[in-house]
Amino acid sequence: MTDSKKLASRYGLSFRRESCLAARSSPRACSRCAEACPARALSVSERGVDLAHGCLGCGCCVAACPSGALSAQGYRIPDRLLEGNHALTVECWKVPPPLLAEGAHAVPCLGGLTAADLLELVLAAGEGRSLVLMDRGGCASCRAGGQAQPPVATQLEFVRHALTQLGWPQQGLPALRCVPLPSPILPVEIPTPAEREAMGRRAFFRFLAGKAAEAATLEPPPCGSVRHGARHGEQPFPERIRLLAALEKLAALRSIPLPDGLFPAVSVSGNCQNHGVCAGVCPTGALTGYKETEGAGVRFEPWLCVGCGLCARSCPEGALDLSPVDGLGPSARIRLTRFPWRECPSCQTRFPSRDEGICPGCKRSRSLFDDLFGGKNHP
Ligand code: SF4
Ligand code: SF4
């Protein structure tokens, strides 16, 4: 059963608690949405995410969320866009429909496109067509943009890096292109879904009357699942699944395995004492405990790791490190540790341990006994 709620925003922002890493674990695990919000309208707590006034509707929080806990309206790309052999162009809702580039589709803000969205668009386009994200000169002055980098830059950088690793031709990499419109044409704020609809009609009739055509001749200013179907299925991390699926399809197209290093990786040193704290705190399940006939330990799945570092910070032995591990493809599932089974000479229970000796339960009892009675005559 899912626990979703609409956040109080005119822009149709939804939150799915069971996917939120802060709500599953602790705000120490993740607060990327709050950090990405240009209006500082989001706050993160153990309950999940709350939205104050001031949401701009940019979807930057959605793009930053590593687990798909947030979603926004307006990002579904229609099938007609995926047909043909022209460049796939995506623009933002501020651009009046008649002024969109030929065949382009508009989403509320380019900053709301996730890495999975971009990869799925690249997949849909294939190697013969390029994916162009069009900045019509509004990003620099927009409250959602206006930063050192346009809001889509982080996702675009990851996607370009992943595609380069996959041997994608450089000229076919998705790119941000600036083709400015005269600034008075663009509204100051991102339209809400209802405003966008109205704006489309008004702008269309204005366009027919020749006013938009006239405005378009002004001197432009200088400028610095494709969500098919539901974005949220029943699994807790739909966004990770979309991302991995898109990467796997792209790798299959090139007939190569998924390269290492696309996701963070955890390594473990010999200091590990198999407490299992890391698996207990990991909010995504990238680290999980396992038991087999030969031994037990902790297993790691890179594609689920979001690099929050909570495991490394929580390990009492300081045994974990977040660093790339050679030969560890994103869809691998590896045993990070394996401790053979031992029998405790004191209570005869079986437990996994590197060394001979008593089990952790007996160790705790003995140390409690020592603390209480200060002696070594253990029962
Ligand atoms: S970015 Fe996503 S997972 Fe992280 S706190 Fe925000 S909603 Fe939760
Ligand atoms: S493995 Fe560690 S860094 Fe990766 S998601 Fe889990 S707790 Fe975070």
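Being a predicted model, the structure only gives us computed values, none of them experimental.

Undergrad: How should the site of ligand 2 be read in this particular structure?
TA: Taken together, 14 residues surround ligand 2, and among them C282, C305, C308, G309 and C311 come closest. For the shell around ligand 2, a count of residues per class yields eleven nonpolar, three polar and no charged.

Undergrad: Could you clarify how one ought to interpret the packing of aromatic side chains in this entry?
TA: For any two aromatic rings, the description comes down to two numbers: the centre-to-centre distance and the angle of the planes. This model, assessed by the stated rule, comprises one aromatic pair. Both rings, one in F158 and one in F263, keep their centres 6.5 Å apart while their planes meet at 50°; by these two values the pair is tilted. Sitting over the face of the ring of Y290, R335 holds its NZ or CZ atom 5.8 Å from the ring centroid.

Undergrad: Where do I start with the sheet that holds strand β1 (residues 4-6) in this structure?
TA: Strand pairs in the sheet, formed through backbone hydrogen bonds, run parallel or antiparallel to each other. What the three strands build is an open sheet, ordered β1-β2-β5; its pairing is antiparallel. Strands with a single pairing partner mark the edges of an open sheet, and in this sheet they are β1 and β5 (70-72). Strand-to-strand twist in this sheet, taken as the mean axis angle between neighbours without regard to direction, amounts to 25°. As paired elements, β1 and strand β2 (residues 13-16) share three bridges and run antiparallel to each other.

Undergrad: For this particular structure, what's the right way to read the site of ligand 1?
TA: Around ligand 1 sit 13 residues in total, of which C20, L21, C30, C33 and C65 are the nearest. Looking at side-chain class alone, the shell around ligand 1 contains twelve nonpolar, one polar and no charged residues.

Undergrad: Is there a simple way to think about helix α8 (residues 238-253) in this case?
TA: An α-helical turn contains 3.6 residues, so a residue and the one three or four places further along point in the same direction. Compared with an ideal rise of 1.5 Å per residue, which puts 16 residues at 22 Å, α8 spans 23 Å between its outermost C-alpha atoms and is within 8% of the ideal. Residues of α8 that are buried: P238, E239, R240, R242, L243, L244, A246, L247, L250 and A251. Buried positions along α8 lie against β2, α4 (115-125) and α5 (153-165). Looking one or two places after α8, you find S255, whose phi comes out positive at around 55°.

Undergrad: I'm lost on the pairing of strand β3 (residues 42-45) in this one. Help?
TA: Along any regular strand, the residues point their side chains to alternate faces of the sheet. Bridge count between β3 and strand β4 (residues 48-51): four bridges; the pairing is antiparallel. Of the residues in β4, the one forming a bridge with S45 is G48. Here β3 hands over to β4 after two residues, the two strands then running antiparallel side by side.

Undergrad: Any chance you could explain the side chain of T337 here in plain terms?
TA: With respect to the helices, strands and loops of the structure, T337 is situated in the loop between β14 (334-335) and β15 (339-343). In this structure T337 comes out as buried when scored by relative accessible area, which is 9%. A distance of 2.9 Å separates a polar atom in the side chain of T337 from the backbone nitrogen of V298. In contact with T337, not counting residues within four places along its chain, are V268, C272, Y290, A296, G297 and V298.

Undergrad: Even after reading the chapter, I still don't get a nonpolar patch on the surface, so can you show me in this structure?
TA: Nonpolar side chains collect at one region of the surface, where L368, L372 and F373 lie side by side and expose about 370 Å² of accessible area between them. By the element assignment, L372 lies in helix α11 (residues 360-373). L372 gets classed as exposed once you look at its relative accessible area, which sits at 59%.

Undergrad: Explain α5 here, please?
TA: With 13 residues, α5 extends 18 Å from end C-alpha to end C-alpha; this agrees with the ideal 18 Å at 1.5 Å per step. Here α5 has its buried residues at A153, Q155, L156, V159, A162 and L163. Residues of α5 that are buried make contact with α3 (60-64), α4, β8 (131-135), β9 (175-178) and α8. The positive-phi residue at the C-terminal boundary of α5 is G167, with phi of around 75°.

Undergrad: Hey, could you run me through the confidence of the model for the protein chain in this one?
TA: Here the protein chain averages 81 in pLDDT, while 83% of its residues score no lower than 70. Note on residues 207-233: pLDDT under 50 across the span, and 59 contacts to partners over four residues away in sequence or across chains.

Undergrad: Could you clarify how one ought to interpret the sheet that holds β9 in this entry?
TA: Spatial ordering of the open sheet is given by β7-β6-β8-β9, a layout of four strands whose pairing is parallel. Each of the sheet's edge strands pairs with one partner strand only, and the pair in question is β7 (105-107) and β9. Here the strands of the sheet are splayed against their neighbours by 35° on average, with no regard to which way each runs. Relative to β9, β8 is paired through four bridges, and the arrangement is parallel.

Undergrad: It is not clear to me how unusual backbone geometry should be interpreted in this structure. Could you clarify?
TA: Phi is positive for N274, which is not a glycine, with a value near 60°. Looking at where N274 falls in the secondary structure, it is placed in the loop between β10 (266-268) and α9 (277-281). Although it is not a glycine, Q348 sits at a positive phi angle of roughly 65°. Tracing the sequence through the fold places Q348 in the loop between β15 and β16 (350-352).

Undergrad: What should I look at first to understand the side chain of K94 in this one?
TA: Note that K94 resides in the loop between β6 (88-92) and β7. Although K94 is buried, it makes no salt bridge; E189 carries the closest opposite charge, 6.0 Å away. At 3.5 Å, the side chain of K94 and the backbone oxygen of P187 are in polar contact. Only 2.7 Å separates the side chain of K94 from the backbone oxygen of V188, close enough to count as a polar contact.

Undergrad: Can you help me understand the pairing of β8 in this one?
TA: A large share of β8 lies buried, amounting to five of its five residues. Burial along β8 is two-sided: the residues L131, L133 and D135 and V132 and M134 are all buried. In the sheet, β6 pairs with β8 via three bridges, with the strands oriented parallel. Bridge pairing in β8 places T89 opposite V132.

Each value, and the rule that gives it
- Residues numbered from 1 in each chain as written.
- Chains lettered and ligands numbered in written order.
- Predicted model: local features only at pLDDT ≥ 70, side-chain atom pairs only at ≥ 80, totals over all residues.
- Heavy atoms only, no water.
- Near = heavy atom within 4 Å.
- Nonpolar A, V, L, I, M, F, W, Y, C, P; charged D, E, K, R; others polar.
- Phe/Tyr/Trp six-rings, centres within 6.5 Å; stacked < 30°, edge-to-face > 60°.
- Lys NZ or Arg CZ within 6 Å of the ring centre and 35° of its normal.
- Pairing = 2+ DSSP bridges.
- Helix = DSSP H or I, 4+ residues; strand = E, 2+ residues; numbered from the N terminus.
- Axes fitted to C-alpha atoms, helices over the stretch in contact; angles between N-to-C directions.
- Expected span 1.5 Å × (residues − 1).
- Buried < 20%, exposed > 50% of the residue type's maximum accessible area, 1.4 Å probe, protein only.
- Contact = heavy atoms within 4.5 Å.
- Polar contact = N/O pair within 3.5 Å; in protein donor to acceptor, adjacent residues only side chain to side chain.
- Patch = residues over 30% accessible without salt bridge, like charges linked within 9 Å, V, L, I, M, F, W, Y side chains within 5 Å.
- Areas by Shrake-Rupley, 256 points an atom, 1.4 Å probe, with all protein chains shown as cover.
- Salt bridge = Lys/Arg side-chain N within 4 Å of Asp/Glu carboxyl O.
- pLDDT = per-residue confidence, 0-100.
- Lys, Arg positive; Asp, Glu negative; His and termini not counted.

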